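Geometric and topological summary
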Amino acid sequence: MADTRADPAAQSELMDEDEPFFSNLDLFLFSLIAGLLVYWIIFRKKAEPIPEFKKLEPQTTRETSFIGKMKKTGKNIVVFYGSQTGTAEEFANRLAKDAHRYGMKGMAADPEEYDMSELSRLTEVENSIAIFCMATYGEGDPTDNAQDFYDWLQEGDADFSGVKYTVFALGNKTYEHYNSMGKYVDKRLAELGARRIFDLGMGDDDGKAYHHKPVGPFDSKNPFLAAVTVNRKLNKAGDRHLMHLELDITGSKIRYESGDHVAVYPINDSVIVNRIGDLLGVDLDTVISLNNLDEESNKKHPFPCPSTYRTALTHYLDITNPPRTNVLYELAQYATEPKDQENMRKMASSSPEGKALYQSWVLDSCRNILAILEDFPSLRPPIDHLCELLPRLQARYYSIASSSKVHANSIHICAVVVEYETKTGRVNKGVATNWLKNKMPTDNGHKATVPMYIRKSQFRLPFKSTNPVIMVGPGTGIAPFMGFVQERGWLKEQGKDVGDTVLYYGCRYKKEDFLYQEELEEFEKTGVLTALNVAFSRDQAEKVYVQHLLKKNKEAVWRLVHSDNAHIYICGDARNMARDVQNAFYEIAEELGGLSRSQAVDYVKKLMTKGRYSQDVWS
């Protein structure tokens, strides 16, 4: 399959484009702090109140008590930095500053300026966390400003029970003592009884930030960030944009078979997100946590929290599909204009006229939530309720257009960029395809990435390579067959006996959108493809489709199916093509097998039952 399985409106993924190295580390740090806070909010227990005793502060010109400073200024995160060139200090300042986005208050601190033995008193500050951004210097040494802290850690026998901490190390893995200071601080704090609440982060300015967590297996809850290595336009002309992408899965241990699907998590268009924010008059960067009030429910939050409205609308909520009737019904109460309220309730009702109105006004007109807010000016619901009602943004599935036998570390995608004008004159864009279109590999070593995982499929080549295969796939339905043909070619190279490999492919014009023309013609020339049958639907006065070519070659088709045990594969549009192709097989079975229509239908059904007639189709 090469596009999302939904109507055009549904075709209208988690991560922003990669930035240069430091932004990459920055993202890591932000995710680290978010992880800490989620953990802390969920698992915190009220600490026993510790009686505070007033003690006389020494009369010094500067404050050496970071605990005192935190209490005075209402801070609950302290970010210590060991910095030689200023990078760790810059990260610490950014982290401290950013804490407010997550409902916390942070301060950056130079360990040289404070009495670090006070770390054991951090428990006096409610909801407190200590973060250490520690660079390594020279031959695995501490930075100058962290030398005293390092010596004290080595000699000291402090009790850090109840102190919550995490460490982010900065280094370069081309050096022998890579991140040794960060590793030491992380290990030593744990030995002294402190509680690590997020894994040691390992920053590498030779590559990118990563941390010691189990990475696989990759699935819908834990997608792999695959770098885009190729993104090219496939069609030579025409007003559509058909693209070929290659995702690098090196080192992921991901395995796939020809015919499997790759799932990608797209993100919503920022233009739509910002417009919703404007219409509802909200600051999209407000930090929120939506909690489920139903204690019986197994879902605490509708999406990962804490979050911001912007993050929720960008990464987690489906804002481009036409909303379902239950959403309209719930939102109707907020329309201040009685007529708007009445129309929304009518569309949500089960009356025939209500259903007809919903069909024409919402579905046929492809109105998403933004269009509905624009066309009902009196409808301004609270954004919290809207976030609660909107469904989750789902992964998009594409048939993999490569064979792992030939491309073990790469997954190929073939897709058409969805963009169309609706009846209301708006331009709707496919969420995933437009997002993927902009995922360009860069030449400075920093790749655009796509969060992805593999979904297994039953769309499989025959177990015996001697079985012939008939593949039917117009347009981007060619995708899985590129993998099939590559694999049949590889089997031939291994000296295996390979049966006939026949392709029926359809496009509009030979000179415009004959996808993979050079590759397919080369496969035909070398005999990997026994027959390449291409239907160009608009190159002549009468339309020619794949089913016409099947009927034209009916004797050869029937011989392969009836006598030679061929496997049939259909990929592409379910609404018309798949049905028309199935009818063509009925007609061939009637004419050349001497069967009645009902016998021909049974014949094809039997092929399906035996796994010899497979479909990978979408509407």
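Our structure's up above, just so we're on the same page.
Remember, it's a predicted structure, so these values are computed and weren't measured experimentally.

What counts and what doesn't
Once a new chain begins, its residue numbering starts again from 1 and follows that chain's sequence as written. It should be noted that, the model being predicted, local features are given only for residues of pLDDT at least 70 and side-chain atom pairs only at 80 or more, the latter also being counted only at that level, while totals for whole chains, interfaces and linings use all residues. Here the side-chain values reflect all heavy atoms present in the structure, with hydrogen atoms and water set aside. In this description, strands pair whenever DSSP reports at least two bridges between them. A run of H or I in DSSP becomes a helix once it reaches four residues, and a run of E becomes a strand once it reaches two; helices and strands are each numbered from the N terminus. The axes used here are C-alpha line fits, helices contributing only the stretch in contact, and every angle between their N-to-C directions lies in the interval 0 to 180 degrees. Throughout, the term roughly parallel applies to angles under 35 degrees, roughly antiparallel to angles over 145, roughly perpendicular to angles from 65 to 115, and oblique to all others. Residue contacts are defined here by distance: any two heavy atoms, one from each residue, within 4.5 Å place the two residues in contact. Classes in brief: Ala, Val, Leu, Ile, Met, Phe, Trp, Tyr, Cys and Pro nonpolar; Asp, Glu, Lys and Arg charged; the others, Gly included, polar. Any residue under 20% of the maximum accessible area for its type is buried, any over 50% is exposed, and the rest in between are partly exposed; the area is computed with a 1.4 Å probe on protein chains only. The salt bridge criterion pairs a side-chain nitrogen of Lys or Arg with a carboxyl oxygen of Asp or Glu, the two atoms within 4 Å. Under the pairing criterion, centres of Phe, Tyr and Trp rings, with the six-membered ring standing for Trp, must be within 6.5 Å; the plane angle then separates stacked pairs below 30 degrees from edge-to-face pairs above 60, leaving the rest tilted. Whether a charge sits over a ring depends on NZ of Lys or CZ of Arg being within 6 Å of the ring centre and within 35 degrees of the ring normal. Grid points spaced at 1 Å over the protein atoms alone were grouped into cavities, where a 1.4 Å probe fits but cannot get out, and pockets, open sets with protein on both sides within 12 Å along at least five of seven lines, with lining residues defined by an atom within 4 Å of a point. Grid points are joined across faces, edges and corners, and a volume is the space filled by probe spheres set on the points. Residues form patches when they are more than 30% accessible in relative terms and have no salt bridge. Like charges link within 9 Å. Nonpolar side chains (Val, Leu, Ile, Met, Phe, Trp, Tyr) link within 5 Å. Each accessible area is a Shrake-Rupley estimate made with a 1.4 Å probe; only the visible protein chains count as cover when residues are assessed. Residues scored as charged are limited to Lys and Arg (positive) and Asp and Glu (negative), so that His and the chain ends carry no count. Positions of charges follow a simple convention, taking NZ of Lys, CZ of Arg, CG of Asp or CD of Glu. Here a polar contact is taken to be a pair of N or O atoms separated by no more than 3.5 Å, where protein atoms must pair a possible hydrogen donor with a possible acceptor and residues adjacent in sequence count only if both atoms sit in side chains. Should the near helix be turned anticlockwise from the far one by less than a right angle, the crossing is left-handed, and should it be turned clockwise, the crossing is right-handed.

**Topic: the pairing of strand 9 (residues 224-233)**
As paired elements, strand 9 and strand 18 (residues 449-455) share four bridges and run antiparallel to each other. Looking at the pairing, F224 lines up with M452 of strand 18. In this sheet, strand 10 (residues 242-248) lies alongside strand 9 in antiparallel orientation, the contact comprising six bridges. Counterpart to K233 in the pairing with strand 10 is M243.

**A few points about the packing of helix 18 (residues 554-563) against helix 19 (residues 577-593)**
Relative to each other, helix 18 and helix 19 sit at 90°, their axes nearing to 10 Å. Taken together, the axes of helix 18 and helix 19 are roughly perpendicular relative to one another. Across the interface between the two elements, K554, E555, V557, W558 and V561 from helix 18 touch F585, I588, A589, E591, L592 and G593 from helix 19. Taken together, the residues that form the contact of helix 18 with helix 19 break down as seven nonpolar, one polar and three charged.

**Regarding the pairing of strand 11 (residues 261-264)**
Burial along strand 11 is two-sided: the residues H261 and A263 and V262 and V264 are all buried. Where strand 11 meets strand 14 (residues 396-399), four bridges bridge the pair, whose relative direction is antiparallel. Each bridged residue has a counterpart across the sheet, and for V264 the counterpart in strand 14 is R396.

**Observations regarding the pattern of salt bridges**
Counting across every chain of the model gives 24 salt bridges. Linking E124 and K71 is a salt bridge whose minimum nitrogen-to-oxygen distance equals 2.6 Å. Pair noted here: E124 is in the loop between strand 2 (106-109) and strand 3 (129-137) and K71 is in helix 2 (residues 66-73), with a separation of 53 residues, a long-range link. Using a relative accessible area of 29% as the deciding quantity, one classes E124 as partly exposed. Judged by relative accessible area, K71 falls into the partly exposed class, the value being 32%. For E587, the salt bridge is made with K551, and the minimal N-O distance between the two is 3.1 Å.

**What to know about the packing of aromatic side chains**
By convention here, two paired aromatic rings are described through the distance between centres and the angle between planes. Counting across every chain of the model gives 19 aromatic pairs. Taking the centre distance of 5.8 Å and the plane angle of 25° together, the rings of Y505 and F514 count as stacked. Here a set of aromatic residues connected by ring pairs shows up, and it is made of F66, F80, Y114, F132 and F149. Directly above the aromatic system of W361 lies the positively charged group of R367, at a separation of 3.8 Å from the ring centroid.

**As for unusual backbone geometry**
Put simply, C305 and P306 share a cis peptide bond, and its omega is 0°. Its identity is not glycine, yet N179 carries a phi of approximately 55°, on the positive side. Residue position: N179 is located in the loop between strand 5 (164-171) and helix 5 (180-191). Backbone geometry at C366 places phi at a positive 50°, although glycine is not the residue there. Along the chain, the position of C366 falls in the loop between helix 10 (352-363) and helix 11 (369-375). The exposure class assigned to C366 is buried, which follows from its relative accessible area of 14%.

**Quick notes on empty space enclosed by the protein**
Approximately 60 Å³ is the volume found for the largest cavity. Together, V557, W558, V561, F585, I588, A589, Y603, V604 and L607 line the largest cavity. Listing elements by their share of the lining of the largest cavity, those giving two or more residues are helix 18, helix 19 and helix 20 (597-609).

**Side note on the sheet that holds strand 19 (residues 469-472)**
Spatially, the five strands line up as an open sheet ordered 21-20-19-22-23, and their pairing is parallel. If you trace the sheet from one side to the other, it starts and ends with strand 21 (531-536) and strand 23 (613-618), each paired once. The mean angle between the axes of side-by-side strands here comes to 10°, regardless of whether they run parallel or antiparallel. With six bridges connecting them, strand 20 (residues 501-507) and strand 21 associate as parallel partners. By the bridge assignment for strand 21, L503 is matched with L532.

**Details of a negative patch on the surface**
A surface patch of like charges, here negative, comprises E112, E113, D144 and D148. With respect to the helices and strands, the residue D144 is situated in the loop between strand 4 (141-142) and helix 4 (147-155).

**Some remarks on the environment of V163**
When you line up the elements, V163 lands in the loop between helix 4 and strand 5. Considered as a pair, V163 and L119 are 44 residues apart in the sequence and their alpha carbons are 7.6 Å apart.

**Details of the side chain of N321**
Following the sequence through the fold, N321 ends up in the loop between helix 7 (309-316) and helix 8 (325-331). A polar contact of 2.7 Å, which involves the side chain of N321, links it to the side chain of D318.

**Some words on the packing of helix 6 (residues 270-280) against helix 7**
In the contact formed by helix 6 and helix 7, the axes pass within 10 Å of each other and the chain directions differ by 140°. The angle between helix 6 and helix 7 places the two elements in the oblique class. Crossing angle aside, the handedness with which helix 6 passes helix 7 is right-handed. For the pair helix 6 and helix 7, contact is made by V273, N274 and I276 and by R310, L313 and T314, respectively. Residue composition of the contact of helix 6 with helix 7, grouped by class: three nonpolar, two polar and one charged.

**So, the side chain of N533**
Residue position: N533 is located in strand 21. In this structure N533 touches V502, L503, Y504, Y505, L549 and N553, once residues within four positions along its chain are discounted.

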